[in-house]
Amino acid sequence: VQLVESGGGLVQPGGSPKLSCVASARISGFYVMSWYRQRPGKQRELLGSTSRFGYVNYQDSVKGQFTMSGDDTKMTQFLEMPSLTPEDTAVYYCRLNYDAGSESWGQGTQVTVSS
């Protein structure tokens, strides 16, 4: 299964981009889709996860700030990021875990927060 992220780009401080992650095939069973980011010079960090049946979990670093949602019928997940600051500049990735051990990563989408 291929993943494609979109929605990144140059964002003004305070901007609110919405990233999308689309899977190339529909997963009939249980799956978990997670969002990560990698800031310059830092390790990739988990932001949170959503799953089939509506489970959502956020890491403390973004809880109350970012919002994840999805559409199971379209195998699409979204990451809404309001009020960004330059510290949110990063490559944002989605990851899909499915079929008891299979995993896919997207190629990432760059978000640059700058005036």
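Quick caveat, the model's predicted, so the values are computed rather than measured.

If you walk through the whole model with that rule in mind, you get 1 disulfide. Put simply, C21 and C94 are joined by a disulfide, and their sulfur atoms are 1.9 Å apart. On the S-S bond that ties C21 to C94, the torsion sits near 65°, and the link is right-handed. Placement of C21 in strand β3 (residues 18-23) and of C94 in strand β9 (residues 90-98) is noted, with a sequence separation of 73 residues between them. We classify C94 as buried; its relative accessible area is 0%.

This part covers the confidence of the model for the protein. Scored by pLDDT, the protein comes out at a mean of 94, with 100% of its residues at no less than 70. Summarising per-element confidence for the protein, the mean pLDDT is lowest in strand β7 (residues 67-71) (90) and highest in strand β11 (residues 109-113) (98).

This paragraph deals with the side chain of S49. You can see S49 is positioned in strand β5 (residues 45-51). For S49, the residues in contact, after removing those within four places along its chain, are V32, M33, S34, Y55, V56, N57 and M68.

The subject of this paragraph is the nonpolar core. With 25 residues, the main nonpolar core has W35, L47, F66, L79, M81, Y92 and V111 as its most contacted residues. Considering each element in turn, this core owes the most residues, 5 residues, to β9. With sequence-adjacent residues up to four places away left out, Y92 is seen in contact with E5, L19, Y36, R37, L47, F66, L79, M81, G108, T109 and V111.

Before going further, it helps to spend a moment on the sheet that holds strand β8 (residues 76-80). Spatial ordering of the open sheet is given by β1-β3-β8-β7, a layout of 4 strands whose pairing is antiparallel. Looking at the sheet topology across the chains shown, the edges are occupied by β1 (3-6) and β7. Neighbour-to-neighbour, the strand axes of the sheet open up by a mean angle of 15°, direction not taken into account. One ladder, built from 4 bridges, connects β1 with β3; its direction is antiparallel. Considered in β3, the bridge of S6 is made with S20.

With that settled, the discussion passes to unusual backbone geometry. Backbone geometry follows two general trends: most residues other than glycine have a negative phi, and most peptide bonds adopt the trans configuration. Even without being a glycine, S83 presents a positive backbone phi close to 55°. Secondary-structure assignment places S83 in the loop between β8 and β9.

Under the definition given, this model contains 5 salt bridges. Linking R37 and D88 is a salt bridge whose minimum nitrogen-to-oxygen distance equals 2.9 Å. Placement of R37 in strand β4 (residues 31-38) and of D88 in the loop between β8 and β9 is noted, with a sequence separation of 51 residues between them. Given the relative accessible area of 4%, R37 is considered buried. On the accessibility criterion, D88 (6% relative accessible area) is buried. One network of salt bridges, in which partners are shared, links R37, R39, E45 and D88.

Definitions and cut-offs
Residues numbered from 1 in each chain as written. Predicted model: local features only at pLDDT ≥ 70, side-chain atom pairs only at ≥ 80, totals over all residues. Heavy atoms only, no water. Disulfide = S-S within 2.5 Å. Helix = DSSP H or I, 4+ residues; strand = E, 2+ residues; numbered from the N terminus. Buried < 20%, exposed > 50% of the residue type's maximum accessible area, 1.4 Å probe, protein only. pLDDT = per-residue confidence, 0-100. Contact = heavy atoms within 4.5 Å. Core = buried A, V, L, I, M, F, W, Y, C linked by side-chain atoms within 4.5 Å. Pairing = 2+ DSSP bridges. Axes fitted to C-alpha atoms, helices over the stretch in contact; angles between N-to-C directions. Salt bridge = Lys/Arg side-chain N within 4 Å of Asp/Glu carboxyl O.

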